[in-house]
Amino acid sequence: SFEMDDAMQSYALGGDENVLLFDPTFGTNKYGLQLSMFTAVAETGATVILFVCLFRSGDENTFKWCFKCFHDTFRVAPSYIFTDGDPAIAGALQECKSIWPNTYHALCVYHLFQNFFKHLHCLYAKTHDKWTELCRAWWKLAKDSDIRTCDSFDDRFDAEILNHVKSFSNKDAPTY
């Protein structure tokens, strides 16, 4: 693991409100190593790579090691950390509650949309307009959601997404 140049200064600017994205990328080199990056958004809006870990196995203990290495370097817990839905990452973050007791774990919108696509696109495969309408509704819900809307998210999801899927009648559904 290693810290990128000027990362400490970038992270320090966030104070107690730091938001991280942790993204492990599987087997992208000839050695089969995972490149995992901790990134943040600078005041300019640019993505800043703060810290990098390389490892072979993406299991819970390895991710816990990554989080501990990051913490040992930067010494300030993030307010939020966004990741994909890997259960090993979620488990590692639970194990790291002693060093990051108030860090909120959320799923990355990109990975949420991949899951959305995986489970719903097949229903709309031959009805491009209806699929586009559903995707627009999903992205609007995603962009309009934050910590302040947690209490109403399920109702909004039902109204804007689930009702759209339910209204997609069998006569409109493609036959295979």
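Since we're looking at a predicted model, the values are computed, not measured.

Thresholds applied
Residues numbered from 1 in each chain as written. Predicted model: local features only at pLDDT ≥ 70, side-chain atom pairs only at ≥ 80, totals over all residues. Heavy atoms only, no water. pLDDT = per-residue confidence, 0-100. Helix = DSSP H or I, 4+ residues; strand = E, 2+ residues; numbered from the N terminus. Core = buried A, V, L, I, M, F, W, Y, C linked by side-chain atoms within 4.5 Å. Buried < 20%, exposed > 50% of the residue type's maximum accessible area, 1.4 Å probe, protein only. Contact = heavy atoms within 4.5 Å. Expected span 1.5 Å × (residues − 1). Bend = angle between axes of the 7 residues up to and from the residue.

1. Thoughts on the confidence of the model for the protein chain
- With 89% of its residues at a pLDDT of at least 70, the protein chain reaches an overall mean of 83.
- Taking the mean pLDDT of every element in the protein chain, the minimum, 65, falls on strand β1 (residues 2–3) and the maximum, 94, on helix α3 (residues 87–95).

2. Examining the nonpolar core
- Residues F38, L50 and F67 are the most contacted members of the largest nonpolar core, which totals 23 residues.
- Mapped by element, the contributors of at least two residues to this core are β2 (19–25), β3 (34–41), β4 (47–55), α2 (60–74) and α3.
- Here this core gets six residues from one element, more than from any other, and that element is α2.
- Residues within four places of F67 in sequence aside, it is in contact with F22, F38, I81, I89, A92, L93, C96, I99 and W100.

3. Overview of helix α6 (residues 150–167)
- The end-to-end C-alpha distance of α6, which contains 18 residues, comes to 25 Å, matching closely the 26 Å that a straight helix rising 1.5 Å per residue would cover.
- Along α6, the sharpest change in direction is near 35 degrees and occurs at D158.
- R156, I161, H164 and V165 are the residues of α6 that are buried.
- Check the buried side of α6 and you find it contacts α4 (109–124) and α5 (128–143).

4. Concerning the environment of E43
- Within the secondary structure layout, E43 lies in the loop between β3 and β4.
- We classify E43 as exposed; its relative accessible area is 71%.
- Note: C-alpha distance between E43 and S10 (33 residues apart in sequence) is 8.7 Å.

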